[in-house]
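So you can see what is in the structure, the chains are spelled out below.
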Amino acid sequence: MEQTAEVKQDKLLTKKDIVKAFWRWTFFSHANYNYERLQATGVVHAFSPILKKLYGKDEAEMKAALERHMQFFNTEPSFGGPILSMTIAMEEERASGADINDQTINGLKTGLMGPLAGIGDTLWQGTLIPILLSFTLPFGAKGNIFMGPVLFFALHWIIMTVIAYFLWIQGYEQGKEGIQKMMAGGRLSYIMTFSQTLGAIVIGSLAANFVKIATPLSVHLSGKESLSIQTDVLDALVKGILPLGVTLLTYYLLKHKKYTPTKVLVIQIVGGAILAAFGLIVNSI
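Residues numbered from 1 in each chain as written. Predicted model: local features only at pLDDT ≥ 70, side-chain atom pairs only at ≥ 80, totals over all residues. Heavy atoms only, no water.

Chemist: Please clarify how the side chain of Ser29 should be interpreted in this entry.
Modeler: Summarising the element assignment, Ser29 is placed in the loop between helix 2 (15-28) and helix 3 (40-55). Here Ser29 falls in the buried class, since its relative accessible area comes to 5%. Engagement of the side chain of Ser29 in a polar contact is seen with the side chain of His30, the distance being 3.0 Å. With residues up to four places along the chain from it excluded, the contact list for Ser29 reads Arg24, Gln39, Gly42 and Pro77. (Helix = DSSP H or I, 4+ residues; strand = E, 2+ residues; numbered from the N terminus. Buried < 20%, exposed > 50% of the residue type's maximum accessible area, 1.4 Å probe, protein only. Polar contact = N/O pair within 3.5 Å; in protein donor to acceptor, adjacent residues only side chain to side chain. Contact = heavy atoms within 4.5 Å.)

Chemist: Help me understand helix 3 in this model?
Modeler: Residues spaced three or four apart along an α-helix point in a common direction, a consequence of the helix completing one turn every 3.6 residues. Along its 16 residues, helix 3 runs just 19 Å from first to last C-alpha, ending more than 12% under the 22 Å computed at 1.5 Å per residue. Helix geometry: helix 3 is bent most strongly at Phe47, by close to 50°, with proline Pro49 lying one to four residues after it. (Expected span 1.5 Å × (residues − 1). Bend = angle between axes of the 7 residues up to and from the residue.)

Chemist: Honestly, the layout of surface pockets in this entry has me stumped. Any pointers?
Modeler: Rolled over the atoms, a probe with the dimensions of a water molecule shows which regions are left empty. For the largest pocket, the calculated volume is near 1500 Å³. Considering the residues around the largest pocket, the lining is formed by 41 residues, among which Val211, Val246, Thr247, Thr250 and Gln268 are closest to the centre. The set of elements that each furnish at least two residues to the lining of the largest pocket consists of helix 6 (102-141), helix 8 (186-210), helix 10 (241-255) and helix 11 (261-277). No other element matches helix 10, which puts 11 residues into the lining of the largest pocket. Per-class residue counts for the lining of the largest pocket are 29 nonpolar, nine polar and three charged. (1 Å grid on protein atoms, 1.4 Å probe; cavity = no way out; pocket = protein on both sides within 12 Å on 5 of 7 lines; lining within 4 Å. Points joined across faces, edges and corners; volume = space filled by probe spheres on them. Nonpolar A, V, L, I, M, F, W, Y, C, P; charged D, E, K, R; others polar.)

Chemist: Would you explain the environment of Leu54 in this entry?
Modeler: Inspection of the secondary structure puts Leu54 in helix 3. C-alpha of Leu54 to C-alpha of Leu13: the two residues are 41 residues apart in sequence and 8.3 Å apart in space.

Chemist: Before we go on, may I ask you to explain the packing of helix 2 against helix 3 in this structure?
Modeler: Where helix 2 meets helix 3, the axes come as close as 7 Å, and the angle between the chain directions of the two elements is 160°. Comparing their axes, helix 3 and helix 2 come out roughly antiparallel. You can see that helix 2 and helix 3 cross each other, and the crossing is right-handed. Taken together, the residues of helix 3 that come into contact with helix 2 (itself represented by Asp17, Ile18, Lys20, Ala21, Arg24, Trp25 and Phe28) are Gly42, Val43, His45, Ala46, Ser48, Pro49, Ile50 and Lys53. Looking at side-chain class alone, the contact of helix 2 with helix 3 contains eight nonpolar, three polar and four charged residues. (Axes fitted to C-alpha atoms, helices over the stretch in contact; angles between N-to-C directions. Parallel < 35°, antiparallel > 145°, perpendicular 65-115°, else oblique. Left-handed = near helix turned anticlockwise from the far one by under 90°.)

Structure, rendered in structure tokens:
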């Protein structure tokens, strides 16, 4: 009995092990991103020290663990991190003698990777990035490198790393039940709705302030009078209708036509150059 207890104690993980796995996942989750397994090799790289500590003395178990985590896996790295820290907790229990099979571990990963990726993409791309851009973009537009792109990168990295670390540790400590409780509660739905609305408002504000496009066209009336298409017609209908139209067209191409951002950017540059050459638009950026 004493010998068994010593074996189990030898297989318990320390917080240092968990934190080490976090940093390996943070920096290498997309290091070998590929079409066949997506982030699977990043998972194995993050888990390698953990698996060696748990199964290093059993070649068959070590091989099985590596094969288990080379299965297809894909999620948003920061908000999806708790999936992997929960998996680490399950591997630790399995190595200590708990009846946890491959299907249970892989089922946890595949079952949560989609929902948490959706949450992460919404809160990160749809909320955090627009908010950070709203107060760093004006500095960058004026040529201030430090208060523009440098500050944006620093704030983005710090905020996302803090969130990712907290969620990683919570995933390991609270396990599957804690994540399921969070996702089942009404508070998460409220947070998601609030974040999506806030992100849309901020993006709208950015478009209104930084999408500059107008038309110099005018229609000559009787005598010396003329009608400006921009000020007398378009602005009278909806203020900023041309920037709004460009923004909505960009959204349509990205969301519904599934164009890549690079393709949309090329269309905007070429289209803007052609329209400007014919004198149809001015002040386009």
